[in-house]
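# Working through the structure, step by step
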Amino acid sequence: MTNQYYEFFCPVKVIAGKAALEHIPYELTGLGAKRPMIVTDKGVRAAGLLDPVIAACEESGLDIISIYDDVPPDSSTGVVKEIAGIYRREKCDSLIAVGGGSAIDTAKAVNILVSEGGDNIAEYSGAGIIKHPLKPFLVVPTTAGTGSEVTSVAVITDTAKSVKLPFTSSFLLPNAAVIDPRMTLTLPPHITAATAMDAMTHATEAFTCMAKNPLSDAYATAAIKKISTSLLKVMDNPKDSDNRLELAQASTMAGIAFSNSMVGLVHALGHATGAICHLPHGMCMSLYLPYVLEYNLETIRAPLGELLLYLEGPEVYATTPASRRAEASISALRKLRDELFKRCKLPRTLKETGSVEEHQLDTIAEMAMDDGSMMFNPKEVTLEDARAVLKRAWA
Amino acid sequence: MLAKRIQPMAFQARRLYVELMFQVMGRALQAVSEIDATVQKEARALPEGFLFEMMVMPDGPRLIVEHIGNGRFHYHSGSAPRPVDLSIQFKHIAHAFLVLSFQEKTAVAFANDRMLVDGDISYAIRMTRILNRLESFILPRLVAKRAVKEYPANLHLPEKLLSAARIYLKVASNFVDTVRT
Ligand SMILES: [Fe+2]
């Protein structure tokens, strides 16, 4: 008997497809909510993405009581406090996050304050602090990548102490994730590419890292198949709403996979690079993915080889000898990156980003060593290893 | 209470083993931190006075060490002098036993949701690396390979310390043989 053991948890109702937004009033009413507040950012509002949400609610007689549209890309404790204040003043009773990772994380944190009380979100930082269900909460993702709609984590910057505060509790999970193709239809090409590659990395790392398990494997492989099939189609035809929906679903599926089986070195390096060089997360993921897979190769040969089926389809899989499949999976990902580079200049090396200097590599390596994602990388990473991977990713 | 009546010896032995192993690890951690540059380098990033605890939920055996500065650890045999900064908590004594009898790697135990981290996750990563290094020292190579993700190539430690730790280990592995069924 093996020692294998795993846990899998995802209580988020997924509401996906055409006219999904129109289900919001029904869902909120079912949760006993009558006075929702929308948390979003200026970009989402400017893109006109709030209009269908508001229209869907008002047509059903559900008024949006308040809209906060000033969530910054890196949300802070001050912003959370401010939104919680408005929520209380306006006597709201539920939250709808419309946006990407930052808006969703902010709404999660606001939900802690308005449900548990107090003004200082830092008091709730850590794992297992929250013991009760929070207010009704829906998420409408507007990027297809982060998977935040199905993760039980939020990260908020404490501006006074300039540290990032993590919040972990299954109560942070929204009641429902509403995935409507209208929400990602206008996403610009480079963001579409970067966020899809973030989802691709979530699925690939979930499938190849230490905490992989049969249930998350199923979500991961399905997500990889959808991204491989749909990403370039969307890049060539941004208004292709069917394939937009495929990417959005893949992002949620990859989110379910990695929130249950974690990520590894790609994310550790990506988090450090994002913090030091201020590069978007998805871009870092796309950049490091093949280099890290090459580094982990001998430890993950079997699962990585299996992924070829989902990356390239049954014919390529069948005609590739089993002993070459892992390498072929890496080549497939490299090929996808080359295609993305052609279409939107998504960088493949640190040099191509134009925002990283070679002398920063050591700092990135050191910071990555302290990242939580290091724990689940299948290979024990030393500082020298991290440096070597960065060197290869340089140019 | 019911279970205690059914298998009293095995349960007691397992608890004793975990307690003993925590003591062995605590002492070894202090000893290794006085000698090994790799452990010192890792530990230096921890604040001075940093208290690390490994314990079995809800109120079982625990191991407490303090970073007293310059990469050195001090083992606290009793209770913690103040609230700990980082706590790694096994959900059940059975899980602690799996890890401390080297049947499950520490990182795998994390991956398998056997334990929780209360505190800064980056310190938890650092402590896991230190514990891996420690296990490679005190365990015979074969057992250590099972306990850590990778066996380090550069182990230089006085034979005296090694043999001392291995004596503890012998006691410990006798326990495993007794308890394993
Ligand atoms: Fe990510």
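Residues numbered from 1 in each chain as written. Chains lettered and ligands numbered in written order. Predicted model: local features only at pLDDT ≥ 70, side-chain atom pairs only at ≥ 80, totals over all residues. Heavy atoms only, no water.

Chain B has the name SCP2 domain-containing protein in an unreviewed UniProt entry, where Marinobacter vulgaris is given as its organism.

An unreviewed UniProt entry annotates chain A as Alcohol dehydrogenase of Marinobacter vulgaris. Looking at chain A in UniProt, the text filed under Cofactor (unreviewed entry) is "Fe cation". Taken directly from UniProt, the Sequence similarities (unreviewed entry) text for chain A runs: "Belongs to the iron-containing alcohol dehydrogenase family." (UniProt positions renumbered as here; feature names shortened; annotations may be inferred.)

### Examining the coordination of the iron ion
Residues and elements named next belong to chain A. The protein atoms that coordinate the iron ion are D198 (OD), H202 (NE2), H267 (NE2) and H281 (NE2), at distances of 2.2 Å. Metal-centred angles of 84 to 165 degrees between the four donor atoms at the iron ion mark the site as irregular. Mapped onto the polypeptide sequence, the residues donating to the iron ion form the spacing pattern D-x3-H-x64-H-x13-H. You can see D198 sitting in helix α6 (residues 189–208) and its partner H281 sitting in helix α10 (residues 281–306), a full 83 residues away along the chain. (Donors = N, O, S within 2.8 Å, 3.2 Å for Na, K, Ca; no water. Tetrahedral: all angles 85-135°; square planar, octahedral: opposite > 155°, others 65-115°. Helix = DSSP H or I, 4+ residues; strand = E, 2+ residues; numbered from the N terminus.)

### So, empty space enclosed by the protein
All names here are of chain A. Counting across every chain of the model gives two cavities of 30 Å³ or more. One number sums up the size of the second largest cavity: a volume of about 30 Å³. Lining the second largest cavity are L187, P189, T192, V234, M235, P238 and R244. Listing elements by their share of the lining of the second largest cavity, those giving two or more residues are α6 and α7 (214–236). Looking at the lining of the second largest cavity residue by residue, the class counts come to five nonpolar, one polar and one charged. (1 Å grid on protein atoms, 1.4 Å probe; cavity = no way out; pocket = protein on both sides within 12 Å on 5 of 7 lines; lining within 4 Å. Points joined across faces, edges and corners; volume = space filled by probe spheres on them. Nonpolar A, V, L, I, M, F, W, Y, C, P; charged D, E, K, R; others polar.)

### Structural notes on the sheet that holds strand β2 (residues 36–39) of chain A
All names here are of chain A. If you trace the six strands from one edge of the open sheet to the other, you get β1-β9-β6-β4-β2-β3, paired in parallel fashion. Of all strands in the sheet, those bounded by a partner on one side alone are β1 (13–16) and β3 (66–68). On average, each strand axis in the sheet is inclined to that of its neighbour by 20 degrees, with strand direction left out of account. One ladder, built from two bridges, connects strand β6 (residues 137–141) with strand β9 (residues 176–179); its direction is parallel. From the neighbouring strand, L138 faces β9, where its bridge partner is A176. The strands that helix α3 (residues 50–59) touches are β2, β3 and β4 (94–99); relative to β2, the one it contacts most, it runs at about 175 degrees. (Pairing = 2+ DSSP bridges. Axes fitted to C-alpha atoms, helices over the stretch in contact; angles between N-to-C directions. Contact = heavy atoms within 4.5 Å.)

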